[in-house]
Every structure is written in structure tokens, then in C-alpha cells.
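Results of the structural survey
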Amino acid sequence: MSDRVLIVDFGSQVTQLIARRVREAGVYCEIHPFNRVSAESITAFAPKGVILSGGPASVADFGSPRAPQALFDLGLPILGICYGQQTLCEQLGGKVEPGDHREFGRATLTLMDACALFEGIGSKGTELQVWMSHGDRVTALPEGFRVVGTSEGAPFAAIANDQRRIYGVQFHPEVVHTPAGTQLLSNFVHKIAGCAGDWTMKAFRAQEIAKVRAQVGKGRVICGLSGGVDSSVVAALLHEAIGDQLTCVFVDTGFMRSGESEQVVSVFRDRFNIKLVHKDASELFLSKLAGETDPEKKRKIVGATFIDVFEEEARAVGGADFLAQGTLYPDVIESVSFTGGPSVTIKSHHNVGGLPERMNMKLVEPLRELFKDEVRVLGRELGLPDEMVGRHPFPGPGLAIRVPGQPLTRENLDILRKADAIYLDEIRKAGLYDVIWQAFAVLLPVRTVGVMGDSRSYDYACALRAVTSTDGMTADFYPFDMAFIGRVASRIINEVKGINRVTYDITSKPPGTIEWE
């Protein structure tokens, strides 16, 4: 088993970033809510180091979160970040008070002494840019601690107890606004906690295959294959683990992008030789959505229809003991709030929501320990083509929610599909596909007057959308140069019969959303 680090979560909005930085350093880690951590759970998890996250509470408040005392009794290396630093100081005999000078945003950290945490980053007198987000601050250190760094609003911005290997920083090393933060976290997990850094996707692949084989045994598994990144990687991994015990069901809703249905069949049936049921249900989905324009109703109709079709096809192949699902680690984390109660229900994969209970199957979730970017790495490790694992996010209802405010027809879906394909083709030619988080076309419920040749046209308007993002929670529009926009618009208008006007959406998220519906 690879070395591992435990991250104790106090509710910070950026706790996931800590985990991602640790994993980027080649060290496996997990995030556990503070009040679900005990001496027994720590021993079972067997971490070589512990990181205490930030959080929204104040140490001075009655009933505010605390680190389990067992963490300090076991002699493990500990790094406290922001609230994590404050609570470890308070619990070990120091003092934390509301600050007269609050720090939010970029700040300057001045190193006061050498420290293993800052090895290779700076020495005494070095000034570093860091990112702060705190009102309270440490005003007295516990016995055995020394000051390593200060800032204008935090006299104890970085502290160390070298003998006990306990460190604390008031700033957030996990965010990109702290340029040296990645190195700092790497120093903690490697130099202080002594982790080997041997957690790789190759190792995860072998480990997960063994786990799947142990869980499934001789049972049969059915996988709802959508053609998206998550379900594609699940299918490839399971096939490697259990071979013909796996059957994939690809329900073709008719709402996929140009060429994607054909690609799914080609890759999984022809290249991987996976047992694949391809059900073309496009006519059924269109009939169910006839006349419907409300986006939420469309989503529910697509989801319910999918379940009906999937269930029918699953019965036709003789059923299964297990249902494979593409649950990812962020879904698992979000299912439990830092106060210990349910906050956001683990999302049901749009292809298989509600089916485990309905069909009396157990779940197989081989990706539940991975972040999205790690799933893409695993996909490449498994031999999936780049155009599949590097694909932009795509909503479950597909193109059905990119034709807003108008009834869906095969005609307007085909018009949209052609425009979207041209847009993505030009983005790839410009070398921008991997720079952009998500890009797509929207067919607007507007017809406009145009002049094409010597004739008057009265056709659809099309909107183009492209955003940059790190996690999809916030996003900004991609700043194409006007020559690119002009080139795309010209191709769409000339090559797609039914569109005579093109616009570009420059709305950020918030206030808008990435999708239009």
C-alpha cells in the first residue's frame, strides 16, 4: 500500500485543492470531516502525516470545530492551514484572538528563520507572496513552537515545532495565489512526513482492478455507457478487471454531439471488444419531449426515459448482480458536510440514477477515490483515445438543453449539431481545445432576417459559448480574438443551412451559468 496523508476538513471551500496538491506530489490522501476522525479511524487509515484544513468558523466561538486529541497524541507530523493552524495552537496551549487587522487576498510573508517547510523556497529575510483569508489570528504560541514567518496582519503567519514535527501557516498554500504553496505542501509530505511519492495512476489501476475482482467475484456487472469521460473510463477499467462478466448498455438518446455515437460503438465494441448493447432510442426521446420547452421538465423527462430504456435493455441481457457507476471523489466529499450531517446528496449518475434500488443491484464505483483530472489520466493509462478522455464536459440531457425556448425536432437538433461541430473543429485547429474548459453552440429560439446572395433569408440565430474554469463552480468567457470569431461565424453561416446569424456569449459565472438551460 502506498504512503498516505489524512486531511481533516473543517469546512473550507478550498479543502479539495489541498488534496489535489498532495496527490500531484505523488502521495495518496483522503479528506475526512473533523468529527468523524477518531483514534480508531486514524489507526485504520494509517497516515504518515496529517493536514488540518481551513474553515469558516472562529476558534473563539462556543462549540466551534476542534481537531481530535488523538491526532496530537499519536506523534504524527501535522500541518495546520489557516483555521487548522489556529485550532492546533489553541488546543496545544496557545492563544487565538480576533485580529485588529484582517487579511483577505494577497499578502506578503517574511521568513524569519529557516524551516524544513520552506526548504528550497526561501531563507531568513525572504519575502513571499501568499494568499490570506482570516479575521482571527494567533497571538501566543504553545510551548515548543517558534515563529518562522510573519505578515502585516499575522505576527505568527508560519510556525514550527521541529521536535514534534507540527507546523502551522495562516495563509493558504493550496491556492494558485500562493506561488510557492505547491512546493511547501510537497516539502511537508515528502521531507517532513517521509512519504515516498509512489502513488501513480499505474499503481491505482492495479489496485482498483484487484478490488473490483474481489468485490464482484463471479457476478455480472452492467454499465450505463454514455460516451462521457467517467462512464468510458469505468467501462474500460471493469473490462480489464472482469472481462466478459461486464455488459455495457449504450442508450443513444439522439442528443449527442456530431460523431460521438459512432465513436462510442467503434471504441468499445470494435477496439476493446466489450459486450455492448447499442439501443437507438432517439425517436422515443423526441416523442417524449414533443412540445416541451421548460428546461427542468426536459431534464426530468430525459432522465426518466433513460431509466426506462436502460432497465428494459438490462432485462433483455439477463440482468446483473452489480451496477457500475461513475461516482467521483468530489461527489463523495460533498455528500457529507464538515459538521458531519448530509449536505449535498451524492449525485446520481445521469445515466443510472435510481436504478440500484429499483433493480436490486449492488454498486461498483471504481472511480470514487479520483478527481476528474485523475480520471482522465487513468483513461489514458487504460488506452482510451485522447479525443474521448480529454473531451469537454457534456450535460446528461445533451443537446436537448442547448435548444432553449423551443420544441425539439430532429431538424433543429441537426442544425445545432452541425454548427457545434464546426465551432469545435475551429477551436481544435487553433490549438485551444485543451485551454478551454467547455465550448459549445446554442440554437436560439429566434429567427432573424438576413441576406444570402440576392435572396432574403429568415433563419435561426446561433450563440457560441466558451469558458475557462478550474472546477466549473466559477467560470469566465474565453477571450477569442475577433478574427477567430469571424472565421467561425463565416463557416457556420455558409455551411449550415438554417442559421444566418452568430453571436458570442461573454457572460461569466456568476451571474450566468455555463449552460443556457
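The text that follows walks through the structure, step by step, so that each part is easy to find. (Residues numbered from 1 in each chain as written. Predicted model: local features only at pLDDT ≥ 70, side-chain atom pairs only at ≥ 80, totals over all residues. Heavy atoms only, no water.)

Quick word on the overall build of the protein chain
The cut-off we apply is this: In this description a helix means any DSSP run of H or I spanning at least four residues, a strand means any run of E spanning at least two, and both kinds are numbered starting from the N terminus. When we talk radius of gyration, it's over C-alpha atoms, and the globule rule is simply 2.2 Å times the number of residues to the 0.38. We call a residue buried when its accessible area falls under 20% of the maximum for its residue type, exposed when it is over 50%, and partly exposed in between, using a 1.4 Å probe and counting protein chains only. Here, two residues are considered to be in contact whenever any of their heavy atoms come within 4.5 Å of each other. Areas reported here follow the Shrake-Rupley algorithm with a probe of radius 1.4 Å; residue values treat only the protein chains shown as occluding. Within this scheme the basic residues Lys and Arg register as positive and the acidic residues Asp and Glu register as negative, but His and the chain ends are omitted. All charge positions are set by atom: Lys at NZ, Arg at CZ, Asp at CG, Glu at CD.
Scanning the protein chain from N- to C-terminus turns up 16 helices and 18 strands. Whereas a compact globule of 517 residues would reach a radius of gyration of roughly 24 Å, the protein chain reaches 26 Å, a difference of no more than 12%. In terms of principal-axis extent, the alpha carbons of the protein chain reach across some 80 × 60 × 40 Å. Counting the 517 residues in the protein chain, one finds 56% classified as buried. Sequence separation of at least 24 residues holds for 75% of the intrachain contacts in the protein chain that already meet a minimum separation of 6. Counting only carbon and sulfur atoms, one obtains 51% of the accessible surface of the protein chain, whose full area is about 22,100 Å². The positive charge centre, built from 55 side chains, and the negative charge centre, built from 63, are 3 Å apart in the protein chain.

Quick word on the pairing of strand S16 (residues 455–468)
Our working definition: A pair of strands is labelled paired if DSSP reports no fewer than 2 bridges between them.
Burial analysis of S16 places ten of its 14 residues in the buried class, the great majority of the element. Summarising the sheet, strand S15 (residues 438–452) and S16 pair through twelve bridges and their orientation is antiparallel. Its bridge partner lying in S16, alanine 439 is registered against alanine 466. Where S16 meets strand S18 (residues 499–504), five bridges bridge the pair, whose relative direction is parallel. Directly across from alanine 463, in S18, lies its bridge partner threonine 503. Of the pairings in the sheet, the one linking S16 to strand S17 (residues 476–477) comprises two bridges and is antiparallel in character. Opposite threonine 468, over in S17, you have aspartate 476 as the bridge partner.

Digging into the packing of helix H6 (residues 201–216) against helix H13 (residues 372–381)
Think of two packed helices as two axes; the pair is described by the angle between the axes and how far apart they sit. For clarity, the threshold we go by: Note on definitions: angles span 0 to 180 degrees between N-to-C directions of axes, and those axes are lines fitted to C-alpha atoms, for helices only across the stretch in contact. These descriptions rest on fixed angle ranges, namely under 35 degrees for roughly parallel, over 145 for roughly antiparallel, 65 to 115 for roughly perpendicular, and the rest for oblique. Note on residue categories: nonpolar means Ala, Val, Leu, Ile, Met, Phe, Trp, Tyr, Cys or Pro, charged means Asp, Glu, Lys or Arg, and polar means any other residue, Gly included.
At their nearest, the axes of H6 and H13 sit 10 Å apart, and the two run at 80° to each other. Relative to H13, the element H6 lies roughly perpendicular. On the side of H6, the interface is formed by Met201, Lys202, Phe204 and Arg205, while H13 contributes Glu374, Val377, Leu378 and Glu381. Its residues placed into classes, the contact of H6 with H13 shows four nonpolar, no polar and four charged.

Re the packing of aromatic side chains
The criterion, for reference: Stacked, tilted and edge-to-face are the three classes applied to pairs of Phe, Tyr and Trp rings, where Trp contributes its six-membered ring and a pair requires centres within 6.5 Å; stacked means planes under 30 degrees apart, edge-to-face means over 60, and tilted covers the rest.
Per the counting criterion, the structure on display carries twelve aromatic pairs. Ring plane angle 20° and centroid distance 6.0 Å describe the contact between phenylalanine 306 and phenylalanine 310, whose orientation is recorded as stacked. Taken together, the positions of phenylalanine 306 and phenylalanine 310, both in helix H10 (residues 295–316) and four residues apart, correspond to about one turn of that helix. Given the relative accessible area of 5%, phenylalanine 306 is considered buried.

With respect to unusual backbone geometry
With an omega of -15°, the peptide bond running from lysine 509 to proline 510 counts as cis. Secondary-structure assignment places proline 510 in the segment after S18. For the peptide bond that leads from proline 510 to proline 511, omega is 15°, which places it in the cis range. Mapped onto the secondary structure, proline 511 falls in the segment after S18. Phi is positive for cysteine 82, close to 55°, though the residue is something other than glycine. Positionally, cysteine 82 belongs in the loop between strand S4 (78–81) and helix H4 (83–91). You will see that arginine 165, though not glycine, has its phi angle at about 55°, which is positive.

A few points about the pattern of salt bridges
Pairing of side chains with opposite charge becomes possible as their charged atoms draw close. Our working rule: By convention in these notes, a salt bridge is any Lys or Arg side-chain nitrogen within 4 Å of a carboxyl oxygen on Asp or Glu.
Tallied over the entire structure, the rule returns 29 salt bridges. With its nearest N and O atoms 3.0 Å apart, the salt bridge here joins aspartate 113 to arginine 146. Of the two residues, aspartate 113 sits in the loop between strand S5 (95–111) and strand S6 (127–140) while arginine 146 sits in strand S7 (residues 146–151), which places them 33 residues apart along the sequence. Since its relative accessible area comes to 24%, arginine 146 is described here as partly exposed. Across the pair glutamate 515 and arginine 402 runs a salt bridge, and its minimum N-O distance is 2.7 Å. You can see glutamate 515 sitting in the segment after S18 and its partner arginine 402 sitting in the loop between helix H14 (386–389) and helix H15 (410–429), a full 113 residues away along the chain. Residues glutamate 515 and arginine 402 agree in their burial class; the two are buried.

Side note on the packing of H15 against helix H16 (residues 482–495)
Note the following rule: By definition, turning the near helix anticlockwise from the far helix through less than a right angle yields a left-handed crossing, and turning it clockwise yields a right-handed one.
H16 packs onto H15 with a crossing angle of 145° between their chain directions and a minimal axis gap of 10 Å. Relative to H16, H15 is oriented so that their crossing is right-handed. Between H15 and H16, the residues in contact are Ala419, Ile422, Tyr423, Asp425, Glu426, Ile427 and Lys429 and Phe484, Arg487, Val488, Arg491, Ile492 and Glu495, respectively. The residue makeup of the contact of H15 with H16, split by class, is seven nonpolar, no polar and six charged.

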